[in-house]
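Observations on chain architecture
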Amino acid sequence: MSCHNDVDRSGDLSLRTATDLFGSGAISADLDTTSRLIEMITPVDGSAEMPQDAPPLSQAQIDVLSQWISGGAVWPDDFTLTQPSVSDLDWWSLRPIEAPRIHDHERVHPIDVLIDAKLNANELRPVGTADPATLVRRLHYDLTGLPPTTAEIHTFLDDAKTDLENACITRVDLLLASPRFGEKWGQHWLDLARYAETHGYDKDKPRTNAWPYRDYVIRSFNDDKPYWRFVQEQVAGDALFPGDPDGIIGLGFLAAGPWDFIGHTEVGEGKLDGRIAKHLDRDEMVSAVFNVFMSTTVQCAQCHHHKFDPIRADDYYRLHAVFAGVDRADRVYAGLSPEQEQQRSHLMEQIAALEQQQSEIQSERERVIGEPTRAMDRRIEELIQKHGVEQSVAFGYHSQIANRQIASAPDTAKWVQLDLGEPRSIALVRLTPAFDNYNAIGAGFGFPLRYRIEVSNDEQFADASVRCVFDASSEDQPNPKLEQIVAETAGPAFRFLRVTATKLSPRRNDFIFALGEIEALDAQSGENVALHAAVTSLDSIEAEPRWSVNNLTDGIAYRRVEGTSAIANLIQLHRDRAKILRNVDTSRFESRLTKITQSLSDLRTRQNHFPVGAKVYAAATHFDVQGQFKPTEGEPRPIHLLHRGDLRSPVERVDPGLPVLWNPKSAGACAAKDADEADSRACLARYLTARDNPLVWRSIANRLWQWVFGQPLVSTPNDFGRMGTLPTHPELLDYLATRLRDDPQQSIKAIVRLLVTSKAYRRASSADEHNAAIDSNNTLLWRFNRRRLTAEEFRDSLLSISGVLRLDDRGGPSFQDFVIEKPQHSPHYEYHLHDPNDPKSHRRSIYRFVVRSQPQPMMTTLDCADPSISVPQRDESTTALQALTQWNHRLTEAMSKQFATRLQSTSHSNTTDQQIDLACQWMWGRSPSNDERTMLRTLMQTHGEATLARVMFNTSQFIYVE
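Residue numbers here run from 1 along each chain, matching the order of that chain's written sequence. Totals for whole chains, interfaces and linings use all residues, but because this is a predicted model, local features are given only for residues with pLDDT of at least 70 and pairs of side-chain atoms are given and counted only at 80 or more. Hydrogen atoms and water are omitted, and side-chain values are computed over all heavy atoms in the structure.

As recorded in an unreviewed UniProt entry, the chain goes by the name DUF1553 domain-containing protein, listed as coming from Novipirellula rosea.

Here's what the structure looks like:
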């Protein structure tokens, strides 16, 4: 059915109805002869024409079809075949949650009851309890991601001497109350949320306002926000909790993933590639919501019904419709009152409406202008085809962009100047306009409306030698297109030449200043002495090879055609075309455009009077236009069911809706057809957190177990469907899910506390041959799982133990452990240029500026999560590259020296053995053995404290949590 239906008739065959089948000729009218259908499904040499790219039908299946045809091929008139879909809800994760009954007794821990029952059933003997030094280090890393201090270790060891269990409970409560808990556990969530601070894709531009979402996640864990509220804020917080900043900041979840800058801002929805970018954008949001909150792979229904789970293709596209009104952009979350926010949104709607009118009028004007110039345009095109020359990759000089939102933007003065090296007598200065087909501008790209040319012997143009040799600043000038501007410069010799744009060239959404080439012809030789002259400017876009200040004197000037005669003819044709246009009456357009331009200027002035407010990069419906990227203003885009997921094959239009995943009442339309787009997201948010939704509570229970014990109860945390795995402890999973769901506070910390106070958590990580023979992977938890420090824990530990970690520097814009090169076009994030001793970067790793296309090399080597996808469980590898990185990285080297300084200043009067004992307490959380002390003493006496630190940073005792 996927290949032979009403839309896709492969081989001109549809199997949908009897009329389709018999009409195709696949079944012969003479039922005694072999039908084409039977020929196509009969294998020859092991393969058949149908089904394509699949094993052939069995002989028994072919016989069934043959008998049906020979029996008259009976097909009821009202019977229609449709593509099958899974509708069976009888799967463990879709069934109602059933918590096991556990006798409530203060000496019986429910986690241990359920774990031990599995162990007993499989004849497994749990290993003993870990020693107190191991436990305190484990607790600190699991709950805060940092090593315990020596004082914290000693306090715990003293408490554990009398009552280990009580010492653990006391320490757990202290750690859960610490702000460091949110910094550790927030990282777990950010892995799931695809969090990064650049867009990804080709240009990978920075997101300067992504960090408030990161801080929101950390704050939510520290405040122990009810889980239902945490979920709802990240899907529809603006609709469900108006006036609460967290309701907007939480929407950073929807926007956290990759975003195609080119597809949205440069291509736009008017073209297929732009619509594909928008489709992928919605798919990323839908997938993130269902993978993260529901452990459900809805994205598998994009091209066809989900083959294993009860999700139809129309379900998938109805979820697209839920997000059809939102995009990813900066939006204000604080600093404006609700009334101001409403007024500002209304102004933005008015501006967008006027800009749409402006665009329509300009298009109509271009159509009217085009009719009388059609013949002239044809002659110009013929001349270009005959004498055209390929444009160089170097276009010229391009200033920074002046924002149209600022009323004074067109009158912003921008300048560029040449240094001829020494005073020279110059006869002529020639300006060649730039050429760039961006926005179909072409010749004269960025040439100013008003400008002047000045010369001087003072680089600052501030002394008496300054003189103006060409002044076109009193009124708007026509665009010269291909013609050069020639200025006579007879007079005293000069060294510096400056072109100042006093009124910038307008584009659709901004203003710029651009030039192709500047020449200065010597009065005696006629030579261009400006060739390769040094160029400076007020500002510029350095996007080599296309745009650079150095391109202004490189001797390359593009004028579309080659040869003096051809250039002269082309210029004359453009003059004749301009003369024709002067006789075309466009007054009805100009008057309307003038009024709209004035209205837009007034509205933007009013808009600029509003305070900027604090912004977050989040799901948004109202934002400033960026090229082809325009806000929906809350009006959802039309969404269609797509045949095989192809935007070129739309079928019926769909409304927002929800899939049936646990009972028939769980699905249906999201909101009334005339409802606001936010209502659909609010409906989805309530659906996700419904009390009878078994997926959401099982999903988070599984993740909490994984984040404590290192391995989830369901080893496919983002997929609880039939292609995922079964839970190892289904009763335990449901117990945790029920306990969280039915808790009035829905406290995450309460579940974490429950887990880390169990005997199962306190077990040693030692091996046992008997147990390993039965359960080699420790699936049933007869011991604790030893693990490596995460990339963040390793880096934070280096800083902490070296004494430079700025623990109190929390929140706010991220630190950058790189230097950005070429930020205007496609930024290059150069990590090797960063100074590891820069105190600004000595913050916890969760506050690091995360880049998608060029991730931090050390962190990536140490298995840091890929921020371009939702990462439910990090890889834990052991490679030679990790060993090399941990030993040779500049941060390790720098922190080893800092550690040496700390050790020397702390224990300057101590003996060598006392220094080694202190170093081991800092590094390993324990004193060294006699053999270890002997080796470390020799090492330090031979190579010094910094080498001692470097070696200890690479020991298993430091790198692993037992």
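Moving on from the coordinates now.
**Let's talk about the overall build of the chain**
The cut-off we apply is this: Comment: elements are numbered from the N terminus, with helices defined as DSSP H or I runs of at least four residues and strands as E runs of at least two. Using a 1.4 Å probe on the protein chains alone, a residue whose accessible area is under 20% of its type maximum counts as buried, one over 50% counts as exposed, and one in between counts as partly exposed. Residues count as neighbours in contact if any of their non-hydrogen atoms are within 4.5 Å of one another. Note on areas: Shrake-Rupley, 1.4 Å probe, and residue coverage restricted to the protein chains presented here.
Secondary structure summary: the chain contains 33 helices and 25 strands in total. Based on the C-alpha atoms only, the size of the chain along its principal axes is roughly 105 × 100 × 65 Å. Every one of the 962 residues in the chain was classed for burial, and the buried ones make up 52%. Intrachain contacts of the chain at a sequence separation of at least 6 include 73% that bridge at least 24 residues. Total accessible area computed for the chain in this model is approximately 43,300 Å², and 49% of it derives from carbon and sulfur atoms.

**Things to note about the sheet that holds strand 8 (residues 450-456)**
Under the convention used in this document: Strand pairing is defined by DSSP finding a minimum of two bridges between the two strands. Between N-to-C directions, angles cover 0 to 180 degrees, with each direction set by a line fitted to C-alpha atoms, over the stretch in contact for helices.
Within the open sheet, the five strands sit side by side as 9-8-11-4-16. Their pairing is antiparallel. Strands with a single pairing partner mark the edges of an open sheet, and in this sheet they are strand 9 (467-472) and strand 16 (534-537). Across the sheet, the mean angle separating the axes of adjacent strands is 20 degrees when strand polarity is ignored. Summarising the sheet, strand 4 (residues 414-424) and strand 16 pair through four bridges and their orientation is antiparallel. When the bridges of strand 16 are listed, Gln417 appears paired with Thr536.

**Brief notes about the UniProt feature "domain: DUF1549" (unreviewed entry) in the chain**
Defined as follows: UniProt positions are given in the numbering used here, feature names are shortened, and annotations may be inferred rather than shown by experiment.
Per the UniProt record, "domain: DUF1549" (unreviewed entry) is found at residues 110-327. Structurally, residues 110-327 is divided into 65% helix and 0% strand, and its ends, taken at the C-alpha atoms, are 45 Å apart.

**Considerations on the environment of Pro694**
Mapped onto the elements of the fold, Pro694 is located in helix 21 (residues 694-709). According to the relative accessible area criterion, Pro694 is buried, its value standing at 2%. For the pair Pro694 and Trp92, spaced 602 residues apart in sequence, the C-alpha to C-alpha distance is 9.5 Å. What Pro694 contacts, discounting residues up to four positions off in sequence, is Ser93, Leu94, Arg95, Ile97 and Trp662.

**Topic: the nonpolar core**
Rules: Take the buried Ala, Val, Leu, Ile, Met, Phe, Trp, Tyr and Cys residues and link them wherever side-chain atoms come within 4.5 Å; each set so joined is a nonpolar core.
Residues Trp189, Phe293 and Leu684 are the most contacted members of the largest nonpolar core, which totals 123 residues. Residue contributions to this core peak at 10 residues, all from helix 21. Sequence-distant contacts of Phe293, that is, excluding residues within four places in its chain, are made with Trp189, Tyr227, Val231, Gln234, Val235, Phe253, Ala288, Leu688, Leu695, Val696 and Ser699. The next biggest cluster of nonpolar side chains, apart from the first, holds 36 residues, and it includes Tyr141, Leu799, Phe958 and Ile959.

**Details of the packing of aromatic side chains**
Put simply, the rule is: Centres within 6.5 Å are what make two rings of Phe, Tyr or Trp a pair, Trp counting through its six-membered ring; a difference in plane orientation under 30 degrees is then read as stacked, over 60 as edge-to-face, and the rest as tilted. Counting as a charge over the ring demands two things of the Lys NZ or Arg CZ atom: a distance within 6 Å of the ring centre and an angle within 35 degrees of the ring normal.
Scanning the model with the defined rule gives 37 aromatic pairs in all. With a centroid separation of 5.7 Å and 20 degrees between ring planes, the pair formed by Phe445 and Trp547 is classed as stacked. Within this pair, whereas Phe445 is found in strand 7 (residues 442-445), its partner Trp547 is found in the loop between strand 16 and helix 18 (564-582), the two being separated by 102 residues in sequence. Since its relative accessible area comes to 6%, Trp547 is described here as buried. Its end group placed over the ring of Tyr761, Arg138 keeps NZ or CZ at 5.7 Å from the ring centre. The side chain of Arg229 reaches across the aromatic face of Phe241, ending 3.7 Å from its centre.

**Let's talk about the pattern of salt bridges**
In plain terms, the rule: Think of a salt bridge as a Lys or Arg side-chain nitrogen and an Asp or Glu carboxyl oxygen that are within 4 Å of each other.
Per the counting criterion, the structure on display carries 53 salt bridges. A salt bridge links Arg214 to Asp215, with the shortest nitrogen-to-oxygen separation between them at 2.8 Å. Comparing Arg214 with Asp215, the two get one shared label, buried. Between Glu422 and Arg424 there is a salt bridge, with the nearest N and O atoms lying 4.0 Å from each other. On the accessibility criterion, Glu422 (44% relative accessible area) is partly exposed. You can call Arg424 partly exposed: its relative accessible area is 22%. In the salt-bridge network here, residues are joined through shared partners; they are Glu183, Arg795, Asp796, Asp808, Arg810 and Arg844.

**Notes on unusual backbone geometry**
Following Met50, the chain continues into Pro51 via a peptide bond in cis, with omega recorded as -5 degrees. In this structure, Pro51 sits in the loop between helix 2 (36-41) and helix 3 (59-70). Positive phi values are uncommon outside glycine, yet Glu123 reaches one of about 55 degrees. As for its position among the elements, Glu123 is in the loop between helix 4 (110-121) and helix 5 (132-144). Unusually for a residue other than glycine, Tyr201 sits at a positive phi of about 60 degrees. Among the secondary structure elements, Tyr201 is positioned in the loop between helix 8 (179-192) and helix 9 (211-223). Overall, the relative accessible area of 43% leaves Tyr201 in the partly exposed class.

**Digging into the pairing of strand 4**
With seven bridges connecting them, strand 4 and strand 11 (residues 494-503) associate as antiparallel partners. Bridge pairing links Gln417 to Arg498 in strand 11.

**Considerations on the environment of Asp866**
Filter applied, for reference: Polar contact is the term for a pair of N or O atoms within 3.5 Å; when the atoms are in protein, one must be able to donate a hydrogen and the other to accept it, and sequence-neighboring residues count only if both atoms are side-chain atoms.
The residue Asp866 is located in the loop between helix 27 (857-861) and helix 28 (880-888) in this model. Using a relative accessible area of 38% as the deciding quantity, one classes Asp866 as partly exposed. The spacing of Asp866 and Ala334 is 532 residues in sequence and 31 Å in space, taken between C-alpha atoms. Of note is the side chain of Asp866, whose polar atom sits 3.0 Å from the backbone nitrogen of Ser868.

**Notes on the pairing of strand 5 (residues 426-432)**
For strand 5 and strand 15 (residues 517-522), the ladder comprises six bridges, and the chain directions are antiparallel. Considered in strand 15, the bridge of Leu431 is made with Ile518. As paired elements, strand 5 and strand 10 (residues 485-488) share four bridges and run antiparallel to each other. Residue pairing for strand 10: Leu431 is matched across the bridge by Ile485.

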